[in-house]
Amino acid sequence: MEPRWLQWAKQLQAIAQAGLTYSKDTYDLERFEDIRKISLEIMSEYTKVDTTCIRDLFANETGYATPKVDIRAVVFQDNKILMVKEKTDNSWALPGGWGDIGLTPAEVAVKEVQEESGFEVKAVKLIAVMDKKCHPHPPSPYHVYKMFIQCEIVGGEAQEGVETSSVGFFAKDDLPPLSIPRNTESQILLAFKHMANPLEPVYFD
């Protein structure tokens, strides 16, 4: 799904980040910094964003480069799926966000549902682990694994959050405009497939 230039830029950035972390040789460090600059130039050329901004977003981490983890909660009520309207793009998404240090994936799912929708839930089932590049999301500067965790409502009530402006439940054939960077229609339909068949196996990749 990803354009080749984005794959190259991310691979070069990962190589540079690892080299700058583990290399002790002064000349090698200079070469790895050059590789990082090339990755920034590729991103800037194709996105038309200033290299300084891209460096802050794309090349500001240290240590061995690993994928980021985005966790999405799947919650059903009366055969409809819970979604929240994101303030950043006025589109709808499953409650969720980046994984938090110190919290398990299930704990993140529970926390995000409460913060973004007002509902209290418990996590019950892993639905899928997806590599974002393999699905029809817009290009992303990060390599992202997406985890979808089914949860059940145990309390609370619908309430907008700091990052959300509305909360709703939607039928499979009446989905709202989706926040495609966060979730795609095919991912929502996979969630409904698990609702219809609790024995559906976990999807991966």
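Identification of the protein chain as ADP-ribose pyrophosphatase from Niallia circulans is taken from an unreviewed UniProt entry. In UniProt, the protein chain has this text filed under Sequence similarities (unreviewed entry): "Belongs to the Nudix hydrolase family."

Trainee: What exactly am I supposed to notice about the packing of aromatic side chains here?
Mentor: In this description, an aromatic ring pair is defined by two values, namely the gap between the centres and the angle between the planes. A complete count under the given rule lists 5 aromatic pairs for this structure. Ring centres of Trp5 and Tyr46 lie 4.8 Å apart, and the angle between their planes is 5 degrees; on these two criteria the pair is classed as stacked. With Trp5 in helix H1 (residues 4–22) and Tyr46 in helix H2 (residues 26–47), the pair connects residues that are 41 residues apart, well separated along the chain. For the ring pair Trp92 and Phe170, a centre distance of 4.9 Å and an interplane angle of 75 degrees mean the geometry is edge-to-face. Of this pair, Trp92 sits in strand S3 (residues 92–93) while Phe170 sits in strand S7 (residues 164–170); the two residues are 78 residues apart in sequence, bridging distant segments of the chain.

Trainee: When you look at the UniProt feature "domain: Nudix hydrolase" (unreviewed entry) in the protein chain in this model, what are you seeing that I'm missing?
Mentor: Those places that UniProt annotates as "domain: Nudix hydrolase" (unreviewed entry) correspond, in this numbering, to residues 66–194. In this annotation, residues 66–194 is assigned 18% helix and 43% strand; the end-to-end C-alpha distance for the span is 29 Å.

Trainee: Teacher, can you tell me more about the pattern of salt bridges here?
Mentor: If charged atoms from side chains of opposite charge come close, those side chains can pair. Throughout the structure, instances matching the rule amount to 12 salt bridges. Shared partners join several salt bridges into a network, and the residues in it are Asp100, Lys111, Glu112 and Glu115.

Trainee: Just to check I follow, could you spell out the layout of surface pockets for this structure?
Mentor: Think of a ball as big as a water molecule: rolled over the atoms, this probe shows where empty space is left. Quantified by volume, the largest pocket comes out at close to 530 Å³. Lining the largest pocket are 24 residues, with Asp70, Arg72, Gly97, Trp98 and Arg182 positioned closest to its centre. Of all elements in the fold, only strand S1 (68–77), strand S4 (96–98), helix H4 (105–117) and strand S6 (144–156) reach the threshold of two or more residues within the lining of the largest pocket. By residue class, the composition of the lining of the largest pocket is 8 nonpolar, 5 polar and 11 charged. Of the voids in this model, the second largest pocket is the one considered here, and its volume is about 440 Å³. Lys10, Gln11, Ala14, Ala65 and His143 are, among the 20 residues lining the second largest pocket, the residues nearest its centre. Going through the elements one at a time, H1 and helix H3 (51–58) are the ones with two or more residues in the lining of the second largest pocket. With 6 residues, the single largest contributor to the lining of the second largest pocket is H1. Split by residue class, the lining of the second largest pocket holds 8 nonpolar, 7 polar and 5 charged. Inspection of the lining of the second largest pocket shows a minimum of three residues originating in each of domain 1 (4–59) and domain 2 (68–204).

Trainee: Looking at this model, I keep getting lost on the domain arrangement of the protein chain. Mind explaining?
Mentor: Quite often, the size of an interface is put as the accessible area lost when its parts meet. For the protein chain, the domain assignment lists domain 1 (4–59) and domain 2 (68–204). Computed over C-alpha atoms, the centres of domain 1 and domain 2 are 32 Å apart. On the side of domain 2, 5 residues touch domain 1, which itself brings 5 residues to the contact. The three residues of domain 1 that bury the most area against domain 2 are Leu6, Lys10 and Leu57, which together make up 74% of that side's buried surface. Our count for the contact surface shared by domain 1 and domain 2 stands at 0 salt bridges. Where domain 1 touches domain 2, the interface holds 1 residue pair in polar contact (both at pLDDT 80 or more). Mapped by element, the contributors of at least two residues to the side of domain 1 that touches domain 2 are H1 and H3. Tallied by class, the residues present in the side of domain 1 that touches domain 2 amount to 4 nonpolar, no polar and 1 charged.

Cut-offs applied
Residues numbered from 1 in each chain as written. Predicted model: local features only at pLDDT ≥ 70, side-chain atom pairs only at ≥ 80, totals over all residues. Heavy atoms only, no water. UniProt positions renumbered as here; feature names shortened; annotations may be inferred. Phe/Tyr/Trp six-rings, centres within 6.5 Å; stacked < 30°, edge-to-face > 60°. Helix = DSSP H or I, 4+ residues; strand = E, 2+ residues; numbered from the N terminus. Salt bridge = Lys/Arg side-chain N within 4 Å of Asp/Glu carboxyl O. 1 Å grid on protein atoms, 1.4 Å probe; cavity = no way out; pocket = protein on both sides within 12 Å on 5 of 7 lines; lining within 4 Å. Points joined across faces, edges and corners; volume = space filled by probe spheres on them. Nonpolar A, V, L, I, M, F, W, Y, C, P; charged D, E, K, R; others polar. Domains from an automatic or database assignment. Contact = heavy atoms within 4.5 Å. Buried area = accessible area lost by both parts, 1.4 Å probe. Polar contact = N/O pair within 3.5 Å; in protein donor to acceptor, adjacent residues only side chain to side chain.

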